[in-house]
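Take a look at the letters that make up each chain.
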Amino acid sequence: MDKLKFILSNDDYKVKYLYFIEECREDIEKNRFESCFPLSTKDTIDSDMTTLMNRHKGINLLDGWVPDSVLWMFDEFNNQIIGSVSICHRLTDNLKFRGGHIAYYIKPSQRNKGY
C-alpha cells in the first residue's frame, strides 16, 4: 500500500481507466455508481475525460450537480487503478440528506485489503 497515490482524472491515465472500468463495469452498474464514475469505452473515453475535467472546474454541470473532483487511486507497484474517489466541492440540500462530500469505489479484486 506504500505505492498508492491519488491522481486527478486526466488524459494521461485514460488507458488505465479503461482497464479499470472493463473489470468493474458490471459491479459499478449493480451498485449504481455510474453517476460518479463514467462507464467509459474506447469510443467514449475522450468525452468522458472532458466531462470529468469539466466537473472539477464546475463547467457544464447537470442541473442540481455541484463541482466535484474525481481522483483515481493508483497502485504504482502494480501499475493499475484500484479505485476511484469523488469529492464534492460543496453540498446541496439533497447531498446533505443523502450523499455527502465523498463517494468512493474499490474494484472487487482489491477489496478487503485495507483500502
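Keep in mind that what you see is a predicted model, and the values were worked out from it rather than measured. (Residues numbered from 1 in each chain as written. Predicted model: local features only at pLDDT ≥ 70, side-chain atom pairs only at ≥ 80, totals over all residues. Heavy atoms only, no water.)

Visitor: Looking at this model, I keep getting lost on the pattern of salt bridges. Mind explaining?
Guide: Any two side chains of opposite charge can pair if their charged atoms end up close together. Summed over the entire model, instances satisfying the criterion amount to 5 salt bridges. Here Lys-107 and Glu-23 are joined by a salt bridge, their closest N and O atoms 3.2 Å apart. In this pair, Lys-107 sits in the segment after β4 (102–106) while Glu-23 sits in helix α1 (residues 14–30), placing the two residues 84 residues apart along the sequence. Accessibility expressed as a relative area gives 41% for Glu-23, which makes it partly exposed. (Salt bridge = Lys/Arg side-chain N within 4 Å of Asp/Glu carboxyl O. Helix = DSSP H or I, 4+ residues; strand = E, 2+ residues; numbered from the N terminus. Buried < 20%, exposed > 50% of the residue type's maximum accessible area, 1.4 Å probe, protein only.)

Visitor: What should I look at first to understand unusual backbone geometry in this one?
Guide: Negative phi characterises most residues that are not glycine, and trans characterises most peptide bonds. A positive phi angle, near 55 degrees, is found at Asn-60, a position not held by glycine. Note that Asn-60 resides in the loop between α2 (45–57) and β2 (68–75). According to the relative accessible area criterion, Asn-60 is exposed, its value standing at 70%. Even without a glycine there, the phi angle at Asn-112 is positive, about 65 degrees. Among the structural elements, Asn-112 can be located in the segment after β4.

Visitor: Explain the sheet that holds strand β1 (residues 4–8) here, please?
Guide: Where strands meet in a sheet, backbone hydrogen bonds hold them as pairs that are either parallel or antiparallel. Ordered in space as β1-β2-β3-β4, the 4 strands form an open sheet in which the pairing is antiparallel. Edge strands, defined here as strands with exactly one partner in the open sheet, are β1 and β4. If you compare each strand with its neighbour and ignore which way they point, the axes differ by 20 degrees on average. Of the strands in this sheet, β2, β3 (80–88) and β4 are in contact with α1, which crosses β3 at around 75 degrees. (Pairing = 2+ DSSP bridges. Axes fitted to C-alpha atoms, helices over the stretch in contact; angles between N-to-C directions. Contact = heavy atoms within 4.5 Å.)

Visitor: Any chance you could explain the pairing of β2 here in plain terms?
Guide: With respect to burial, β2 is a largely interior element, 8 of its 8 residues being buried. Alternating residues of β2 divide into Asp-68, Val-70, Trp-72 and Phe-74 and Ser-69, Leu-71, Met-73 and Asp-75, and every residue in both groups is buried. Across 5 bridges, the pairing between β1 and β2 is antiparallel. For Leu-4, the partnering residue across the bridge sits in β2 and is Asp-75. Sheet topology places β2 next to β3; 8 bridges connect them, and they run antiparallel. Bridge pairing in β3 places Asp-68 opposite Cys-88. Between β2 and β3, which pair antiparallel one after the other, the connecting turn spans 4 residues, and Asn-79 there sits at a positive phi close to 55 degrees.

Visitor: How should I be thinking about a nonpolar patch on the surface in this particular structure?
Guide: Together, Ile-87, Ile-102 and Tyr-104 make up an exposed nonpolar region whose accessible area comes to about 310 Å². Take Tyr-104: it is sitting in strand β4. Classification of Tyr-104 by relative accessible area gives exposed; the value is 54%. (Patch = residues over 30% accessible without salt bridge, like charges linked within 9 Å, V, L, I, M, F, W, Y side chains within 5 Å. Areas by Shrake-Rupley, 256 points an atom, 1.4 Å probe, with all protein chains shown as cover.)

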